[in-house]
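If you want the building blocks of each chain, they are given just below.
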Amino acid sequence: MRLGSDGIVRLSWAPRLEITGELAAAAVRIVDDLNGPIHRPMLVNMTGTAALTRSARSVFARPCSVSRLALLGRSAVDRVIANFALGVNRHPMPMRFFTDERAALDWLRDAAAER
């Protein structure tokens, strides 16, 4: 996880990874530590993710220091996993799935400009 010079936090999950509640909680802790009191947009590259567990979805449904979240994937499987995550729980911030990184970043930057 890193904070870009454009103010967007970026996280890339390893391909074929099953994202568990424990991994999700660790990611949320890291982003909250990185952001401190500031809420920032975040780009999550989930290309090739194997699965997102129920406990991970529950963690991601809690409030954190992310103002807007773009999920980036490439395949139909990525889209199915993202849509399942997006549709099952209510989320404390706007979230969308993208297959194009530029479109995802544009959407995140538009949110930053609105503030």
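These numbers were taken from a predicted model, which means no experiment stands behind them.

(A) Looking closely at the overall build of the protein. The secondary structure content of the protein amounts to four helices and seven strands. Written out in order from the N terminus, the α and β elements of the protein read β-β-β-α-β-β-α-β-α-β-α. Relative to its full complement of 115 residues, the protein shows a buried share of 41%. Sequence separation of 24 or more characterises 84% of the internal contacts of the protein that already satisfy a separation of 6 or more. When the accessible area of the protein is evaluated, it comes to approximately 6,400 Å², of which 54% is carbon and sulfur surface.

(B) Empty space enclosed by the protein, seen in detail. Applying the stated rule across the entire model yields one cavity of 30 Å³ or more. By volume, the largest cavity amounts to about 310 Å³. Val44, Phe60, Leu69, Leu71 and Met95 are the residues nearest the centre of the largest cavity, which is lined by 25 residues in total. Secondary-structure elements contributing two or more residues to the lining of the largest cavity are α1 (21–35), β4 (40–45), α2 (54–60), β6 (66–72) and α3 (76–88). Residue composition of the lining of the largest cavity, grouped by class: 21 nonpolar, two polar and two charged.

(C) The arrangement of a nonpolar patch on the surface in detail. Residues Met1, Leu3, Ile30 and Leu34 make up a contiguous nonpolar surface patch of roughly 320 Å² in combined accessible area. Mapped onto the elements, Leu34 comes out in helix α1. Residue class for Leu34 comes out partly exposed when judged on its relative accessible area of 37%.

(D) Fine view of the nonpolar core. Membership of the largest hydrophobic core comes to 23 residues, with the highest contact counts inside it found for Met42, Val44, Val66, Leu69 and Leu71. Counting residues per element, this core draws most heavily on α1, at four residues. Listed in part, the nine residues of the second largest apolar core include Leu43, Ala70, Ala104 and Trp107.

(E) Main features of the packing of aromatic side chains. Taken as a whole, this structure holds one aromatic pair when the rule is applied. Ring centres of Phe98 and Trp107 lie 5.7 Å apart, and the angle between their planes is 50°; this geometry places the pair in the tilted category. The two residues Phe98 and Trp107 agree in class, both being buried. Between Arg68 and the ring centre of Trp107, over which it is positioned, the NZ or CZ distance is 4.2 Å.

(F) Spatial organisation of unusual backbone geometry. A positive phi is found at Arg16, a non-glycine position, where the angle reads about 65°. Residue placement: Arg16 occurs in the loop between β2 (9–12) and β3 (18–19).

(G) Representation of α1. Helix length check: α1, at 15 residues, gives a terminal C-alpha distance of 21 Å against a target of 21 Å (1.5 Å per residue), a fit within 8%. Among the residues making up α1, those that are buried are Gly21, Ala24, Ala27, Val28, Val31 and Asn35. The arc that holds every buried residue of α1, seen down its axis, measures 125°, which confines them to one face. In α1, the exposed positions angled more than 90 degrees off the buried face are occupied by Glu22, Arg29 and Asp33.

Definitions and cut-offs
Residues numbered from 1 in each chain as written. Predicted model: local features only at pLDDT ≥ 70, side-chain atom pairs only at ≥ 80, totals over all residues. Heavy atoms only, no water. Helix = DSSP H or I, 4+ residues; strand = E, 2+ residues; numbered from the N terminus. Buried < 20%, exposed > 50% of the residue type's maximum accessible area, 1.4 Å probe, protein only. Contact = heavy atoms within 4.5 Å. Areas by Shrake-Rupley, 256 points an atom, 1.4 Å probe, with all protein chains shown as cover. 1 Å grid on protein atoms, 1.4 Å probe; cavity = no way out; pocket = protein on both sides within 12 Å on 5 of 7 lines; lining within 4 Å. Points joined across faces, edges and corners; volume = space filled by probe spheres on them. Nonpolar A, V, L, I, M, F, W, Y, C, P; charged D, E, K, R; others polar. Patch = residues over 30% accessible without salt bridge, like charges linked within 9 Å, V, L, I, M, F, W, Y side chains within 5 Å. Salt bridge = Lys/Arg side-chain N within 4 Å of Asp/Glu carboxyl O. Core = buried A, V, L, I, M, F, W, Y, C linked by side-chain atoms within 4.5 Å. Phe/Tyr/Trp six-rings, centres within 6.5 Å; stacked < 30°, edge-to-face > 60°. Lys NZ or Arg CZ within 6 Å of the ring centre and 35° of its normal. Expected span 1.5 Å × (residues − 1). Arc of directions from axis to C-beta.

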